[in-house]
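Each chain is listed here by its residues.
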Amino acid sequence: MRLRLHRPMPGPTAVSAKDKNEWANFVVQEVVSFLGARKEEIYANYAAQSEGKLSRETIEEAGLMDFEIALTYLQDRSSGLGRGFLGMNLIR
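Residues numbered from 1 in each chain as written. Predicted model: local features only at pLDDT ≥ 70, side-chain atom pairs only at ≥ 80, totals over all residues. Heavy atoms only, no water.

**Brief notes about the overall build of the chain**
Move 1: A count of helical and extended segments in the chain gives three helices and two strands.
Move 2: The order of α-helices and β-strands along the chain, N terminus first, is α-α-α-β-β.
Move 3: Taken as a whole, the chain presents about 8100 Å² of accessible surface, with 55% of it coming from carbon and sulfur. (Helix = DSSP H or I, 4+ residues; strand = E, 2+ residues; numbered from the N terminus. Areas by Shrake-Rupley, 256 points an atom, 1.4 Å probe, with all protein chains shown as cover.)

**What to know about the side chain of R56**
Move 1: Structurally, R56 is set in helix 3 (residues 56–61).
Move 2: Assessed through its relative accessible area of 16%, R56 is described here as buried.
Move 3: Every residue in contact with R56, bar those within four places of it in the chain, is listed here: K39, E40 and Y43. (Buried < 20%, exposed > 50% of the residue type's maximum accessible area, 1.4 Å probe, protein only. Contact = heavy atoms within 4.5 Å.)

**A short note on the layout of surface pockets**
Move 1: Estimated volume of the second largest pocket: approximately 170 Å³.
Move 2: Of the residues forming the lining of the second largest pocket, the biggest block, three residues, is contributed by helix 2 (residues 39–49). (1 Å grid on protein atoms, 1.4 Å probe; cavity = no way out; pocket = protein on both sides within 12 Å on 5 of 7 lines; lining within 4 Å. Points joined across faces, edges and corners; volume = space filled by probe spheres on them.)

**What to know about the packing of aromatic side chains**
Pairs of aromatic rings are described using the distance from one ring centre to the other and the angle between the two planes.
Move 1: A full pass over the atoms with the stated rule returns two aromatic pairs.
Move 2: With a centroid separation of 5.9 Å and an interplanar angle of 45°, the aromatic rings of Y43 and Y46 are classed as tilted. On the criterion of helical spacing, the pair formed by Y43 and Y46 is a turn pair, its members being three residues apart in helix 2. (Phe/Tyr/Trp six-rings, centres within 6.5 Å; stacked < 30°, edge-to-face > 60°.)

**Side note on the environment of F67**
Move 1: With respect to the helices and strands, the residue F67 is situated in the loop between helix 3 and strand 1 (68–74).
Move 2: The partly exposed category is assigned to F67, whose relative accessible area is 36%.
Move 3: As for F67 and G36, which are separated by 31 residues in sequence, their C-alpha atoms are 9.7 Å apart.

**Some thoughts on the environment of L54**
Move 1: With respect to the helices and strands, L54 occurs in the loop between helix 2 and helix 3.
Move 2: Classification of L54 as partly exposed rests on a relative accessible area of 35%.
Move 3: When the C-alpha positions of L54 and Y43 are compared, they lie 9.5 Å apart, and in sequence the two are eleven residues distant.
Move 4: Those residues within four positions of L54 in sequence are excluded, and the remaining contacts are Y43, Y46, I59 and L64.

Below you can see the structure in the form of C-alpha cells.
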C-alpha cells in the first residue's frame, strides 16, 4: 500500500508589472512565430476539415492569415481554470 502526501499549493508569487509585460511580450512573439512557421499546415488542416474550401490564394489576398493576438492572464480561481492560467483571444 502506498500513501501519497499532497503538498499544499503555494500562495501567489508577487511579480512586477515590468516582468509580467516582458513575459507577455515573449509569449506573444512565440505564438506569432509558431503560427507563421505553420501557415502551410494551418491551411492544409483547413482544406481537409472545412466545408468552405476557400483557396489559399483567396485567404492570402483577403488578409485572413494576418492575425493580431492578445494575451489575458486569468488569475481568478473562481474561473475554474486555476491560478496562473494563460488565456489567449484571437482578434479579427
